[in-house]
Amino acid sequence: MQNDIKEHFMKEKLLVLGVESSCDESAMCLMEVTNNLNNKNFLSNERKILFEYVATHKNHNYGGVIPESAARQHFYYLPKMLERLKTEMSENNMNLYDIDMVCATYGPGLVGGLMLGMCTGKSIAVALDKPFYPIHHIESHILSPMIENPSLAFPYVILVVSGGHTILVHVEDFKKYHILADTLDDAMGELFDKVAKHLGLPFPGGPEIEKLALNGDPLKYKFSLPMIKKDNNSSKNSSHIGDFSFSGLKTAMIRTIDKLRAENINNENNVDDKNSGELSNQDKSDIAAGLQDVVVRIIEQKFKKVAEFLPDVKDWCIAGGVASNKVIRAACQHFATKYNKTLNIPRIGLCTDNAAMIAWNGYLHHAYGIKPNLSAGVKNYEPCDELTLHDV
Ligand code: KG4
Ligand code: ZN
């Protein structure tokens, strides 16, 4: 039997354990949250990350995430993290029994990893006789800008740009999410990863593109903005904003790379690197800079529409792995200032996959009176539909 949740409402501070294992990061985080729900502004209550662990898997040689390998690596890392948490808690005069609630990602993601994280979280909850909360990964990215910014309150608009999702969301309140723009095909992170792969760079491609772009000329290859047919809109409110599409852009970039390769092969003067068709570092850097430039122009287009569609929403946020890109962060800051908005971006460690966002989302479930659920299963498909279940 799980502890009565009411008992927890009485506690002044809650220790929330989060577990994340949806893709190729294994992560665990213990967060302390001041649990004063009588405070009308309880969202601004103090929260502190006490311990956080993230292990990024070794995928470099595969060119992507291999589900079986990811599952094995979660199986290796998660128990190690629990051991370390136990040790570090005891060094700080705490023990695992002090944990008040346990949360783990149920989806979306790779099913093997999700099952391992859920089983880890559920086992801890049962062993400690504490409530267990299944948590939505993308919802956690959506709520992540609040973690270290207690002054951020609902409503806000957030652009979530990760390896599997690109969504622009109007967050009216907890569980009131309106998807303003969804992606029709590839996600923004996939664009980075696939172009990087075609350039022969290791996975994940985003950080590699960012490094290369430092020496590139963003105007050398000025890629065109995607054209999106109006009747293609996939989400209810997207007619106002327009959805995202990155697959045409990806094809255009791959063609540019192939054309440069063919030119190199045919170039009789290419004595040093005859017939290899390999791109020079400068060409690679220019393409990388061109990629970042077109992505920034796409974001600018969307934020301009958001400013017109939701003029009263003053807070804008970005989150997800791609939001750790410094050029994109700086550009978003520039657009926010231009439209007189406040931009909130989590620090880089809270943009890429992490367990602090799972713990924080779990705490909000508790704070909003949502019941724990030890029997929840994993879900790896159609996950974003669930975000709008509470749509009004
Ligand atoms: O949110 P995330 O860590 O995992 C998912 O939920 O998918 O996002 C991973 C994505 C990958 O596509 C990766 O290439 C991209 O984020 N990424 C970046 C950067 N760091 C990670 N993209 C551009 N620039 C970066 N610095
Ligand atoms: Zn993610």
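Predicted model only: the values in this text are computed from it and were never measured.

**Let's talk about the coordination of the zinc ion (ligand 2)**
At this site the zinc ion (ligand 2) is bound by H137 (NE2), H141 (NE2) and D353 (OD), with donor distances of 2.0 to 2.1 Å. Coordination geometry of the zinc ion (ligand 2): the four donor atoms subtend angles of 94 to 147 degrees at the metal centre, consistent with an arrangement described as irregular. For the zinc ion (ligand 2), the donor residues sit on a single chain with the sequence spacing H-x3-H-x211-D. Placement of the pair is H137 in helix α4 (residues 137-143) and D353 in the loop between α11 (348-351) and α12 (356-367), with a sequence separation of 216 residues. Under the relative-accessibility criterion, H137 is labelled buried at 6%.

**Some points on the site of ligand 1**
Close to ligand 1 lie 21 residues; G163, D193, G206, E210 and G321 are nearest. H141 places a polar side-chain atom, nitrogen or oxygen, 3.3 Å from an oxygen atom of ligand 1. Within the side chain of S324, one N or O atom sits 3.2 Å away from a nitrogen atom of ligand 1. Relative to its unbound accessible surface of 560 Å², ligand 1 loses 89% to contact with the protein. A molecule is said to occupy a pocket when more than half its atoms come within 2 Å of that pocket's grid points, and by this definition ligand 1 occupies the largest pocket. At the level of elements, α4, α5 (188-198) and α6 (205-213) are the ones that each hand at least two residues to the shell around ligand 1. It is α6 that provides the largest number of residues to the shell around ligand 1, a total of four residues.

**Focus: the side chain of N35**
Residue position: N35 is located in the loop between β2 (25-34) and β3 (47-56). A distance of 3.3 Å separates a polar atom in the side chain of N35 from a polar atom in the side chain of Y363.

**Description of the sheet that holds strand β5 (residues 132-136)**
Pairing in this open sheet of five strands is mixed, and the strands run β3-β2-β1-β4-β5 from one edge to the other. On the outer flanks of this sheet lie β3 and β5, each paired with one strand and no other. On average, each strand axis in the sheet is tilted by 20 degrees relative to the strand beside it, whichever way the strands run. Direction of pairing for strand β4 (residues 101-107) relative to β5: parallel, over a ladder of five bridges. Looking at the pairing, G107 lines up with H136 of β5.

**Describing unusual backbone geometry**
Here the amide bond leading from G107 into P108 is cis, since omega sits at -5 degrees, within 30 degrees of zero. For P108, the location among the structural elements is in the loop between β4 and α3 (111-128). In this structure, the amide linkage connecting F203 to the following residue, P204, adopts the cis form with an omega of -5 degrees. Counting through the fold element by element, P204 comes out in the loop between α5 and α6. Positive phi, normally seen in glycine, also occurs at D129, with a value near 55 degrees. Along the chain, the position of D129 falls in the loop between α3 and β5. With a relative accessible area of 30%, D129 lands in the partly exposed category.

**Concerning the packing of aromatic side chains**
Under the counting rule described, the total for this entry stands at eight aromatic pairs. Ring geometry for F154 against Y156: centres 5.8 Å apart, planes inclined by 20 degrees, an arrangement best described as stacked. The residues F154 and Y156 share a single accessibility class, namely buried. Members of the aromatic cluster, connected to one another through ring pairs, are F42, F174 and Y368.

**Regarding the nonpolar core**
The biggest cluster of nonpolar side chains holds 51 residues, and the ones touching the most others in it are L168, V195, I209, I299, F303 and I328. Going through the elements one at a time, β6 (156-161), β8 (176-181), α5, α6, α8 (247-266), α9 (281-309), β9 (315-319) and α10 (326-338) are the ones with two or more residues in this core. For this core, the element with the most residues is α9, which contributes twelve residues. With near-sequence residues (within four places) excluded, F303 lies in contact with L159, L168, W316, I318, C332 and F335. Grouped together as the second largest cluster of nonpolar side chains are 41 residues, L43, M146, I179 and A356 included.

**Some words on the packing of α5 against α9**
Axes are the key here: two packed helices are described by the angle between their axes and the distance separating the axes. At their nearest, the axes of α5 and α9 sit 11 Å apart, and the two run at 170 degrees to each other. Between α5 and α9, the interaxial angle falls into the category roughly antiparallel. Taken together, the residues of α9 that come into contact with α5 (itself represented by M188, L191, F192 and V195) are I287, L291, Q292, V295 and I299. Its residues placed into classes, the contact of α5 with α9 shows eight nonpolar, one polar and no charged.

**Re the environment of L152**
If you trace the backbone, L152 turns up in the loop between α4 and β6. Overall, L152 belongs to the buried group, its relative accessible area being 1%. Residues L152 and L43 lie 109 residues apart in sequence; the distance between their C-alpha atoms is 8.3 Å. The contacts of L152, once residues within four sequence positions are left out, are P145, M146, D315, C317 and N344.

**Structural notes on α3**
Spanning 18 residues, α3 covers 25 Å between terminal C-alpha atoms, matching the ideal 26 Å at 1.5 Å per step. Within the sequence span of α3, burial applies to G113, L114, G117, M118, T120, G121, K122, I124, A125 and L128. Looking at the packing, one finds that the buried side of α3 touches β1 (13-20), β2, α2 (67-91), β4 and β5.

The rules behind these values
- Residues numbered from 1 in each chain as written.
- Chains lettered and ligands numbered in written order.
- Predicted model: local features only at pLDDT ≥ 70, side-chain atom pairs only at ≥ 80, totals over all residues.
- Heavy atoms only, no water.
- Donors = N, O, S within 2.8 Å, 3.2 Å for Na, K, Ca; no water.
- Tetrahedral: all angles 85-135°; square planar, octahedral: opposite > 155°, others 65-115°.
- Helix = DSSP H or I, 4+ residues; strand = E, 2+ residues; numbered from the N terminus.
- Buried < 20%, exposed > 50% of the residue type's maximum accessible area, 1.4 Å probe, protein only.
- Near = heavy atom within 4 Å.
- Polar contact = N/O pair within 3.5 Å; in protein donor to acceptor, adjacent residues only side chain to side chain.
- Areas by Shrake-Rupley, 256 points an atom, 1.4 Å probe, with all protein chains shown as cover.
- 1 Å grid on protein atoms, 1.4 Å probe; cavity = no way out; pocket = protein on both sides within 12 Å on 5 of 7 lines; lining within 4 Å.
- Sits in = over half its atoms within 2 Å of the grid points.
- Pairing = 2+ DSSP bridges.
- Axes fitted to C-alpha atoms, helices over the stretch in contact; angles between N-to-C directions.
- Phe/Tyr/Trp six-rings, centres within 6.5 Å; stacked < 30°, edge-to-face > 60°.
- Core = buried A, V, L, I, M, F, W, Y, C linked by side-chain atoms within 4.5 Å.
- Contact = heavy atoms within 4.5 Å.
- Parallel < 35°, antiparallel > 145°, perpendicular 65-115°, else oblique.
- Nonpolar A, V, L, I, M, F, W, Y, C, P; charged D, E, K, R; others polar.
- Expected span 1.5 Å × (residues − 1).

Coordinates in, geometry out; function isn't part of it.
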